[in-house]
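Listed below are the residues making up each chain.
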Amino acid sequence: MTARLLLAKPVAEKIQAEVAEIARHLTEKGHKPGLAAVLVGNDPASHTYVGSKVKTCQNLGLHSEKIELPTETTTEPLLAVVEDLNRRSDIHGILVQMPLPSHIDSPAIIRAIHPDKDVDGFHPVSAGRLVLKQDGFVACTPAGIIEMLAFYDIPIRGTRAAILGRSTIVGLPMSLLLLHRDATVTICHSRTPDIARVAREADILVAAIGRTAFVTEDFIREGATVIDVGINRVSTPEDVAEYFGDDEKRRADVEKKGYSIIGDVHPRHAVERAANFTPVPGGVGPLTIAMLMKNTVRAAERSVR
Ligand code: GUN
């Protein structure tokens, strides 16, 4: 079997077109949707992510603000920033980029975001609404994966799903979203005995553990849908050959940049065994920002109802 590659681009474009249309309507009525992104410190990856989020806002006609604070910022002043954003009527979504420096009380910062502006879906109220299957904001990556499965007509009801990883940002909300759509869900983690055996029972396998090519052929049921959420790096020609065969572009990546991006799934094995596979990069990644935009216009719509 050669897997169909599930690409995020057409899914993200569809979502973004819908977002731009809603943003246009709201702006005409004097309610331009606004997103505030708060960034503490100088982690390069966080700066890149926030930069993409702000740029996407601009492209889709949303107002955006980037609030950059120095690494030394402590919990109290950051709480004050969030509370100020909570009060502002031109800001509908608040995002505090994670991870925060370790001296900051991250749970307290997330709790301070008003649940109506919690477009990341990280607030305990949002998490509780998700558990109870009530309307609320859902973390963007798992919400995007659900959109992707719908876009590519991949059924969920009655399937067996295995989620590798139980993070509050991906694994846990992903398992609830699939459960609510009538999948039979198993969550695997570092203490799960024989993960491969559990994984290869699954019709839908979601890997979100942050370990390079952890999912190999023995994890993948023939004909499964494999969703790879990982973002890792390979940097040796030997690894590139193992994971990508004689892919010229990957070899060139390593020569030019010193690395190439790889997920939590062995790409050659997935392509050989799965029916559907999200490549890294280009599979899941771009959906996260699209869903953030969708959550932000939803927050703006609700605020004027
Ligand atoms: N860090 C990694 N992913 C995310 C995300 O989706 N939202 C925020 N706020 N921080 C992140």
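To keep things clear, this report deals only with the structure shown in the data block. (Residues numbered from 1 in each chain as written. Predicted model: local features only at pLDDT ≥ 70, side-chain atom pairs only at ≥ 80, totals over all residues. Heavy atoms only, no water.)

**Quick word on the sheet that holds strand 1 (residues 4–5)**
Moving on, step 1. Strand order in this open sheet of six strands is 1-11-8-7-5-6, and the pairing throughout is parallel. The open sheet has two free edges, formed respectively by strand 1 and strand 6 (184–188), since each of these has just one partner strand.
Moving on, step 2. Alignment of strand 5 (residues 160–164) against strand 6, held across five bridges, turns out to be parallel. For Leu164, the partnering residue across the bridge sits in strand 6 and is Cys188. (Pairing = 2+ DSSP bridges. Helix = DSSP H or I, 4+ residues; strand = E, 2+ residues; numbered from the N terminus.)

**Some thoughts on the site of the ligand**
Moving on, step 1. Around the ligand, the structure places Lys53, Leu95, Val96, Gln97, Met98, Asp120 and Phe122.
Moving on, step 2. Within the side chain of Asp120, a nitrogen or oxygen atom sits 2.6 Å from a nitrogen atom of the ligand.
Moving on, step 3. Contact with the protein chains removes 80% of the 280 Å² of surface that the ligand exposes when unbound.
Moving on, step 4. A molecule is said to occupy a pocket when more than half its atoms come within 2 Å of that pocket's grid points, and by this definition the ligand occupies the largest pocket.
Moving on, step 5. Tallied by class, the residues present in the shell around the ligand amount to four nonpolar, one polar and two charged. (Near = heavy atom within 4 Å. Polar contact = N/O pair within 3.5 Å; in protein donor to acceptor, adjacent residues only side chain to side chain. Areas by Shrake-Rupley, 256 points an atom, 1.4 Å probe, with all protein chains shown as cover. 1 Å grid on protein atoms, 1.4 Å probe; cavity = no way out; pocket = protein on both sides within 12 Å on 5 of 7 lines; lining within 4 Å. Sits in = over half its atoms within 2 Å of the grid points. Nonpolar A, V, L, I, M, F, W, Y, C, P; charged D, E, K, R; others polar.)

**Topic: the sheet that holds strand 2 (residues 34–40)**
Moving on, step 1. The strand order 3-2-4 describes an open sheet built from three strands, whose pairing is parallel. Looking at strand neighbours, the two that pair on one side only are strand 3 (63–69) and strand 4 (93–96), the edges of this open sheet. The average angle at which neighbouring strand axes cross in this sheet is 15°, direction not considered.
Moving on, step 2. For strand 2 and strand 3, the ladder comprises seven bridges, and the chain directions are parallel. Within strand 3, the residue paired with Val40 across the bridge is Leu69.
Moving on, step 3. Here helix 2 (residues 44–60) sits on the sheet and contacts strand 2, strand 3 and strand 4; the angle it forms with strand 3, its principal contact strand, is near 160°.
Moving on, step 4. Of the strands in this sheet, strand 2 and strand 4 are in contact with helix 12 (residues 285–304), which crosses strand 2 at around 125°. (Axes fitted to C-alpha atoms, helices over the stretch in contact; angles between N-to-C directions. Contact = heavy atoms within 4.5 Å.)

**A few points about the pattern of salt bridges**
Moving on, step 1. Under the counting rule described, the total for this entry stands at 16 salt bridges.
Moving on, step 2. When the shortest N-O distance is used, the salt bridge between Glu68 and Lys66 registers 3.9 Å.
Moving on, step 3. Of the residues examined, Lys66 reaches a relative accessible area of 40% and is grouped as partly exposed.
Moving on, step 4. The partner of Glu201 in a salt bridge is Arg160, with the nearest N and O atoms 3.8 Å apart. On the criterion of sequence distance, the pair formed by Glu201 in the loop between helix 8 (195–199) and strand 7 (204–207) and Arg160 in strand 5 is long-range, its members being 41 residues apart.
Moving on, step 5. Taken together, the shared-partner salt bridges in this structure form one network comprising Glu21, Arg24 and Glu28. (Salt bridge = Lys/Arg side-chain N within 4 Å of Asp/Glu carboxyl O. Buried < 20%, exposed > 50% of the residue type's maximum accessible area, 1.4 Å probe, protein only.)

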